[in-house]
Structures are given as structure tokens and as C-alpha cells.
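Remarks on the overall topology
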Amino acid sequence: MDFSITEEQRQLVETARKFTRERIIPVAQKLDEHGTFPIDICKEGWELGLMNVEIPSEYGGLGLSCLDHVLMMEEINYGCAGIGTTLAGNNLACMPLLLGGSEEQKRHYLGMLTEAPIFAAYACSEPDAGSDVAGMRTTVRKVGDEYVMTGQKRWITNGGYASWYSVFGRIGDPKDRHKGVTCFVVPRDLAGVSVGKKEDKLGQRASNTTDVLFEEVKLTRKNLVGGEGEGFKIAMKTFDRSRPWIAAGATGIMRRALDESRRYALERKAFGQPIAQFQAIQFMLAEMAMKYEATRLLMLKAAWSIGEGRIDAIESSYAKAFGADSAMAVATDAVQIFGGYGYTKEYPVEKLMRDAKLLQIYEGTSQIQRMVIARNLLAQGA
Amino acid sequence: MQIDLSEEQRLLRDTCREFADKELRPNAKKWDREHRFPAEAVKKLFELGLGGVAVPSEWGGAGMDNVSYALAIEEISRGCASTGVTLSVNNSLYCDPIAKYGTDGQKESFLTPYARGEKLGCFGLTEPQAGSDAAEQRTTAVRKGDSYLINGTKNWITNGPVADAIVLFTMTDLSKGTKGITCFVVETKTPGFVRQKADEKLGICASPSCTIFFENMEVPISQRLGQEGDGFKIAMSTLDGGRIGIGAQAIGIGRAAFEEARDYSKIRKTFDIPIFQHQAIQFMLADMATALDAARLLVLRAAWLKDQGKRHTRESSMAKLFASEAANRVADKAVQIHGGMGYSKELDVERHFRDARITEIYEGTSEIQRLVISNLLLK
Amino acid sequence: MFEPSESQRLIRETARNYAQGSLTRIASELDREARFPAAQLGELAELGLMGINVPEAYGGAAAGAVAHALAMKEIAQGCASTAVTMGVNNMVAETICRFGTDAQKKRYVPEITSGRFVAASFALSEAQSGSDAGALRTTARRDGSGFVLNGSKQWITSGDRAGVLIVWARTEQSAAKPAKGISAFLVEGGAKGLHAGRHEDKMGLRASSTVPLTLEDVRVPATALLGNVGDGFRIALSALDGGRIGIASQAIGIASAALEESLQYAKDRRTFGQPIANHQAIRFMLADVATELEAARLLVLRAAAFKEAERPFTREASMAKVFATEKANHACDVAVQIHGGYGYVSEFAAERHYRDVRVTTIYEGTSEVQRFVIAREALK
């Protein structure tokens, strides 16, 4: 067993860290305040190869592994989880195509993203079907050889900026639950595709989250990703591969919280000594550090398994659930260590706390992760 | 032993609940978003007698007890946490020490109009380097004839930007530590009282707070509360009461979050059934309800002890510690039960989540409460 | 509002004096030898603690549910095994007073309150029906004017010591409404066909007796029926709501003992040149435990006050039980932690408290059942 990273990985981390320090941290607070989309940062990140990292080289991407990706993402999220989510959006949109798309689809749609700094979005959730993918209501009617899609998608990351969407809709009766769910790749400029309201969020405010509406959108077989009814499987496989990214968001937030808290605890005095001298603070810091390390190990293990082709939903869920819950706890403790200052926008920790909360919700809530874990545990040895 | 409320207590609670439903809940989101002090609503609450709930009627108060006061703050905070703390500061931190330590002359000028709700008070203890640790005060008051010259800085002063007077703590003798602290009551229009811009905060955004500079502010000796060196005692006994208010505020926030989560769990469906039918959700709701009830009992008990004239330092600290931590857990779970909708500013729960956080920090952090409690336990 | 009355205070002081005196001294011996506290129970009866919420006409103290909760906490602080046995005696006496005929009350209740019966039992649980009482299988067949009982019971506190047992059995098989066919009977200790099995070898509460029972053609007259045929489920639920207050009080008693010992130990034990009580890590644990126990105590007193005022108290009792028992477990865990290695050995009481408290989140309705009840009430 070897816990060291390769030279290439070290360079990638270095690049991401430098970019975070110089380009993200100085503007994160302001982007958050105004909910501004980080378009310039994305363009620069694209140039540096911080977007589209998991797209294989034959389609113009870097062809990096999930492990490379999470190492890089931790650095970005250290600066701003909203930007982290934004930069990762394309990878999520691409995943269904990588899993089920035709060669032609991959060349065309993945190629678009690597040729220019543009966006794509993964469109699965709906107002009444979030983590419960099989409950979706977007319908796809078959008309001869063609498909007509109607529905409303919600919580779509980069929804307002995407040039194309990987969209999940239902062919057939909603009673059939997951059986009819089918994936399509849908260009933004097709008639009937429109962007709905933008969410005004508690945290990760630089990330663009919108509704995307599909009204009688005409699609052909060229838009079909995988076969009819294969969408649910594709969505689940996508989650297996994307959940370690959320753990990377968690490690970034936690490391930042820990660094900020450590610095502050050494500076701030109470009762005549730095608060770092109090066991109550020391123990909080120790707890935070342990949670960070444990999340990081779970994340690395899950990402490593994916790279080895041994994709295991339970490992991804361990990393996601433990990471998200830990990040929430760690960011909350950071605010506590800062006291009144932690509650103000003068210091970054209040933002960490707001940003962390989303980790427990998107890509399957912490509750859904427990369901996945329990289901897999109970199936073992049966 | 009987745990029922009196008729009078129940009436006040119901009045506040109705007010919160009608006037606060529909507007709280807007005030939060616009960082707007709800002056109109505060004025109406003052007209209802909530400026000085437990202040004797001869000094303009409602002449009720502290149990009533805690019930009122809970109900108001359930509607709007910012309004809740505005009232809590005026009642507990401003009126209370003047009622307890003020001379009749001081009460006439500085208590009656505030208890009647014609004016608003604030409380100046915290400094940039002295939060929960009051002995680190650096604001000085130097005696000059019949007055004092005050210099220094106070921060996080809730109501600071809109208050008409401040109960202010200073050092008259830096060498004496806590024994050198002296308290004054000063109108904010006094020359040398300089407000800085309002703080930008994670939550309670409709409750304005700010840093205040005191630049050679001259205050006559007649505005000194108690004797020189009495300040620490005044501050600590005031906070014993203030913590009841914050405990009540926390419960109000927690209850708002709980009620919204409960109602949402009946509407929202996953896997074809309303989510309240999932045990994972039911158990969260059960724990939330239990924690809030336990917190309320602790707060009411502390208030009741105060009404009996009994020492309640330990009980107030327990109430504040438990209620504020419970409110945060409850608000967090409420966001979780709402899922994505809980993260959106379209609903109120994300505000409750942000508002709850401060209750673990101000008027003594959770850590300070644990110090207070353990000091008394280990005596 | 939060003040005990004079009579409540008196009961509490009586219980406290006894618990802090002889009971505390013998608790670890009783535990070590797994010895039934027969002598102690007799002394408690003399002090009037075997019918705290029972009318004076039957030898009770008629002091109410709050007094009962206060006494349970005090006795449990001295010895948790004695407390649970006392709690069951009180629960049986109260249940007979509430649902029994004059003749039943006169026959049995004074025996319990006087201590002539060293114990009484509440025989509800079975191997396959614990918190889910509707599923019980023991049968009561009509035979002439009386009934014949057959079946087996599990986890029966004092089952081999009881002068009288309330035994729940099915008088009617109804698949649709299984709870409706259950009735309660008063069976005397030593009845023909009633056999107690081997003592359960328990982790904690080792001085209390817990046995399985078998009923082989146990014949009882019609006058043994408590309430009417089919009332059994209602009687059980009503008794259990009260029982939950008792267990919550017991848990607080055990935890209070653990806290007291933790405080003392923290002052005595030194590390890094000072008492460990000076370390914030220790102080803060103690502060949290004390705060949680206060909150638990208030929840319990509220539930008891509601019961005493004859208001519905199901929700309040469940809140009190789940909160008090879980926080009490936390308190005992902290006590072991603060004691370090000494917390892990029987030389110090912390180890016994840790074992004794564990069952409180399990019996008389697990924490999960309490949460189920609370959520059901909240979602109404």
C-alpha cells in the first residue's frame, strides 16, 4: 500500500493551489455576496486544464483519473466551494455520455467543451423528484422515430450557462418508476428549451443554479444516450463516479476551516492567553483535523477504486456522506472558534458554513447515502 | 408542583403569537434580505407593552414576570429572530440593569421612556479584544470634576445603529481588572458617541449592530449606574437575565424551523409516499420536538427562579447553552428535511438556519456557559 | 411553578435519606452477588414508598405522580436494582387501584404497600412481543365461571418473588384487531401451573430479579379478571405511560450518582500537576452532563405533573423517557471516561452505573418506540 502521490499529481495540485491562492481567494467573498457567476475564473481555469479533466484525451480532454480530479478539486474548494461546483459541472454533464453515449455523441459534445471555454449541465432533479430519481415526471413521447420531451428540471448547476444538457426523462407510465427513465443529450438552442428562474441560495452563491424547462422539445435518435429505459442505470452509475467529488468539496472546506481556525486561535486572546491554550479549543481543532483526515482517506479510496475500475457505490457513499456531515460540523466549529467575528462577513468562516450545508443535500442527501449504504450492506453475503 | 401557565401568561403568549403570525412572519424574509430594521413592527410591539415586560408599571413597564417575558420573546422570535433580539436587548440588557441598580432620577430619565417603548436602548460591554472575557475591557472613563471622559471602542452592539441610549461598561481603574469596571447610562446623541457602519452578518440581518467609538465623550456623574467598580457585578447579573432572553429567542427560531419541517414532511413525497412516513424523517422530527420542549422547560425554570428573586446564574447558563445548541440542531435538520428547497432563499428555513447560529455566540458563547456551569458545579 | 409541594418534598427527603444512607453502601455488594434486595424492599415499604401514588385507604401515601418520580430518582441514585423493583411494585399497586374492583384492591394493594408481598409483577412481555404488546400469544380460555391461562412470559421483573402478578393473555383471537382480544388477570404468586424459569444473567441491574414465566393450565376465578374482558391492551398502555416516567426517573437517578462521582473524582485525581477538574476538556463534559440532566429532570417532572392533573401525557412521557435515558447513558459514559482506567473496574461505582443505565433506553418501550410515539403526536 502506498499513500504517496505521483509527480504528475503533485504538479496538478501545485497548479490548482496557486490558481486558488492567486485568482480565487481574493474574489471569493465578493462573488458570494453578489451571487456572481465566476466566468473569468472559469475561462482561466479552462486554459489551465482545471475543467473537463476527466474527458479522455481522444476527445480533447486531459483524460485524468477520478483520483487526480479529487486531489485538484480539494484545492479549488479550499478557495471557494461555489467555484469548485462550477468547475466540476462539465464533468458531471459528460459522465452520462462517457457511460452510455455513442462515439459520434462523444466526439461532438465532449469536443465542444474542450475546444472552447463553454459549459454543459447535468439535468436530472425536478421540483418533486430530487434524490428520488425514479420519481421524475419529465415525459418523453415517442412519435414515429422521434421523441418529444416536456418537463421541468430544477437545481441545475450551470443551467443558465450551459450549451447542452444531459437530460433524464421518462418514456412510458410514471408507475413504472425507474424502468422508463431515459437519458438524452439536448443542445440548448433547440426549440422549446429555456432557462427558468435562478435560485437564490444560502451558500455556494457563485455557482449558477437554475430551472431548465423543456416544452415539446423534438429529439431524434441522435440525442438518445444509451438505450431507452437505460437512464436510471446511467444516472446511478454517474452518481457512483461523482460522489467522491463532493467529498473533495468537503476536504477543501475542512482544510480551509482548520487553517483559518488554527491561525485565529493562536492570535486571539481571552483570559490573558491565546485561546489556542484552552483545551476546549484544542480539542475542537483536533476533532476538525481528524474529520478532515478521515474524509480524505475515504475520498482517496473511493476515487482510487474508480480508477481501478472497481466501482463500488458503497465506497462513494461513505466518502460523500461522511465528508458532507464532517464538513458541516467542522465549518460550524470554525464559526464557534471565531466567536462574534465568525458570524460576520469580515472573515471567511461564515461562508464556509453556508457552503458546507449544500454538500449534505446535493448529489443525494446524507439520508440517501445512508439508504445506499444500508441497501448494499444488507445485500452483501445474501 | 404545577407547570401550567397563569391566565395572564397565556394571554400574553397568545397575543404575541398572533402578532408574530400576522405582522412578522409574512415580512421577516424581506427585512432579512434588505437588512432593514423593522421599525414599524417594533413600534407596534412596544405599544403592546413589550418594551419592558418585567419592568414595574410605575416605571412604565408592563409589570409582568420574567416567565411572561420569556414566552413573549419565544413567540416574537418564531416570527422574526431579529425583532426578537431587538426586544430582548431593550428588556434584558438595557431596562433590567437600570431597574435594578438605577436611582429614581436615573429611572425617570432612562428607564420609563424605554420601558414604555418610546425609546430604544442598547448594551455596550463587548470590545474587539474582550468578548466573553469582560475583564479585558479597554474603554476608559477618567473622572474630571463632576463628569467622566470616556474613550474606547465597543463592537457588535445590537441595536447600536438605532438606539437612543446605551448601558455602557468602562474601566475606571485598569489596574484592578474586573473590580475596575464601572457602568454608565448614556444617550447616543451625546457628543463623542460615534457610530461606525452597520455590521454585515451571517444571520439576524434585520437586527442592526455596529461598532461604536467613544471619543472624549463627557458623561456627568449622575449617569453612573452604581458605584465605581460595580460594573462587573452589574454586567454579570444583567447577563444572567439576558441569557434567558437569548434562550427564548433560540427556541422561537427552532420552533419556526421545526413547524416548517413538520408541515413540509406532510406535503413532500419521495418513493411515492409523503416523507413523514419514512422513519428517518419521523425520528428527526421526534428529536427536534423533544429538544425544543426540554429547552423551553430550562428557560422557563430560569425565568421563574428570577421571578422568585433566587440566584439563577447556573440555570440561565444551562438554559442558554442547551436552547441555543438545540435550536441549531433543529434548524440544521429542518434544512435537511427540506432538501434543496431548504437551501433556497425562497423559503424561510435557510434564514432560521442562519439566524440560529448567533445564539451560540452572543451573550456568552457556549464555551463561556460551560465555564460558568462547571465553575458552579465544582465549587 | 417549578417548586415541589411540602408533601412532595417530604417524600423526596425520605427517599434521599434512605438512599444516601444504607442503600448506597450496600449497592455494590448487591450487584456483585446478584442478591435480591428483599430486606431493602421491606424497609422501603416501612417508609411508605411502596404505594406513593396509591390512596391511603389501601396503605398508600396518596402523594401523587410527581412524588413518585422524585422518589424513584432518589432510590435509583442509591441502587438502580432496588429502584426498578420498587417501581414495578408501585406500578402494579397503582394499576390495581385504577382498574380493580373493591375486593381486588382490598385483597392485594395493602399487601404490596405494607411489604407483606415483597414484590409484585407486571407480566406483559413475551419472547416475540416486547414493545409491540398487540402481538402477545398467551391465552386465557373460559372454563366454567373462570379462566385457564396458558403460555409463556419473558423479562418479568420480580417474576419469582411476586405475591401477585398482573398477567396479560388473549381471550379472543382476532386477526383484524389483535389488540382487542387481550385481557388482564390477577394471578397470585405460587398459583398451580405458574413456573418461574432461570434468572436472566444480566449485564446490569443484577440485584433485580428477571425471569421467564410459564403458565401451564393456570386456573383463575372470574374475580381475577382486571377490568372487563378485552380491556387488557388499554390497561397495559395506560400503565406503561406512567411506567415510562418511572424509568426516566430511574435513569436520572443513576446518572446523578455518576455525575456526583465524576465531580468528586475530577477534584481528587491529578494529571500534569493539577486536578483534572482544572482541564477544560473535563469541565466542559461535566457542564454538558449537568445541563442535560437538568433538562431531563424538567421533562420528567412535567410529564408527572400532567399525569397528576389527569391530563393526557403520552407525548410528554415519551419525550421524558427517550431524552432522560439517552442523556443518562451519556452521563454514565462520561463518568467512565473521566475515571479513566478506574472507570473500567468494579472498585469504583462508575462501572456499575454504566452497566445499570444501559437497559433504560430499552425496557418499557425502546428509544425507537418513544420516537415513533412522539412523531405520531407531532404529525397529528
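1. A short note on the side chain of Arg370 of chain B
Assignment of secondary structure puts Arg370 of chain B in helix α11 (residues 366–377). For Arg370 of chain B, a relative accessible area of 8% puts it in the buried group. Engagement of the side chain of Arg370 of chain B in a polar contact is seen with the side chain of Glu325 of chain B, the distance being 3.0 Å. Leave out the neighbours within four places in its chain, and Arg370 of chain B touches Leu321 and Glu325 of chain B together with Phe284, Ala287 and Asp288 of chain C.

2. So, the interface of chain C and chain B
Every contact between the two is made by 39 residues of chain C and, on the other side, 39 residues of chain B. Together, the buried faces of chain C and chain B total about 3,900 Å²; carbon and sulfur atoms form 70% of this surface. Taken together, the links from chain C to chain B amount to 8 salt bridges. The partner of Arg371 of chain C in a salt bridge is Asp287 of chain B, and the shortest N-O contact between them spans 2.5 Å. If you look at where chain C meets chain B, you find 11 residue pairs in polar contact (both at pLDDT 80 or more). Those elements giving two or more residues to the side of chain C that touches chain B turn out to be α6 (232–268), α7 (280–308), α8 (314–339) and α10 (367–378) of chain C. Tallying contributions element by element places α7 of chain C first for the side of chain C that touches chain B, with 16 residues.

3. A look at the domain arrangement of chain C
Residue and element names in this part refer to chain C. Its domain assignment divides chain C into domain 1 (6–117), domain 2 (122–230) and domain 3 (240–379). Computed from C-alpha atoms alone, the centre-to-centre distance between domain 1 and domain 3 is 21 Å. Contact residues are listed per partner, giving 21 residues for domain 1 and 22 residues for domain 3. Interface of domain 1 and domain 3: buried area, both sides summed, is about 1,600 Å²; carbon and sulfur atoms make up 63% of it. In this structure, the connection of domain 1 to domain 3 is made through 2 salt bridges. As a salt-bridge pair, Asp31 and Arg355 come within 2.9 Å of each other at their nearest N and O atoms. Along the contact surface separating domain 1 from domain 3 lie 6 residue pairs in polar contact (both at pLDDT 80 or more). At the level of elements, α1 (6–33), α3 (64–78) and α4 (80–99) are the ones that each hand at least two residues to the side of domain 1 that touches domain 3. It is α3 that contributes the most residues to the side of domain 1 that touches domain 3, 10 residues altogether. Residues of the side of domain 1 that touches domain 3, tallied by class, amount to 12 nonpolar, 6 polar and 3 charged.

4. Side note on the packing of helix α3 (residues 66–79) of chain A against helix α7 (residues 279–307) of chain A
Residue and element names in this part refer to chain A. The geometry of α3 relative to α7 is characterised by a closest axis approach of 7 Å and an angle of 150° between their N-to-C directions. What the angle tells us is that α3 and α7 run roughly antiparallel. For the pair α3 and α7, contact is made by Cys66, Leu67, Val70, Leu71 and Glu74 and by Tyr292, Arg296, Met299, Leu300, Ala303, Trp304 and Ile306, respectively. Broken down by class, the residue content of the contact of α3 with α7 amounts to 10 nonpolar, no polar and 2 charged.

Rules and cut-offs
- Residues numbered from 1 in each chain as written.
- Chains lettered and ligands numbered in written order.
- Predicted model: local features only at pLDDT ≥ 70, side-chain atom pairs only at ≥ 80, totals over all residues.
- Heavy atoms only, no water.
- Helix = DSSP H or I, 4+ residues; strand = E, 2+ residues; numbered from the N terminus.
- Buried < 20%, exposed > 50% of the residue type's maximum accessible area, 1.4 Å probe, protein only.
- Polar contact = N/O pair within 3.5 Å; in protein donor to acceptor, adjacent residues only side chain to side chain.
- Contact = heavy atoms within 4.5 Å.
- Buried area = accessible area lost by both parts, 1.4 Å probe.
- Salt bridge = Lys/Arg side-chain N within 4 Å of Asp/Glu carboxyl O.
- Domains from an automatic or database assignment.
- Nonpolar A, V, L, I, M, F, W, Y, C, P; charged D, E, K, R; others polar.
- Axes fitted to C-alpha atoms, helices over the stretch in contact; angles between N-to-C directions.
- Parallel < 35°, antiparallel > 145°, perpendicular 65-115°, else oblique.

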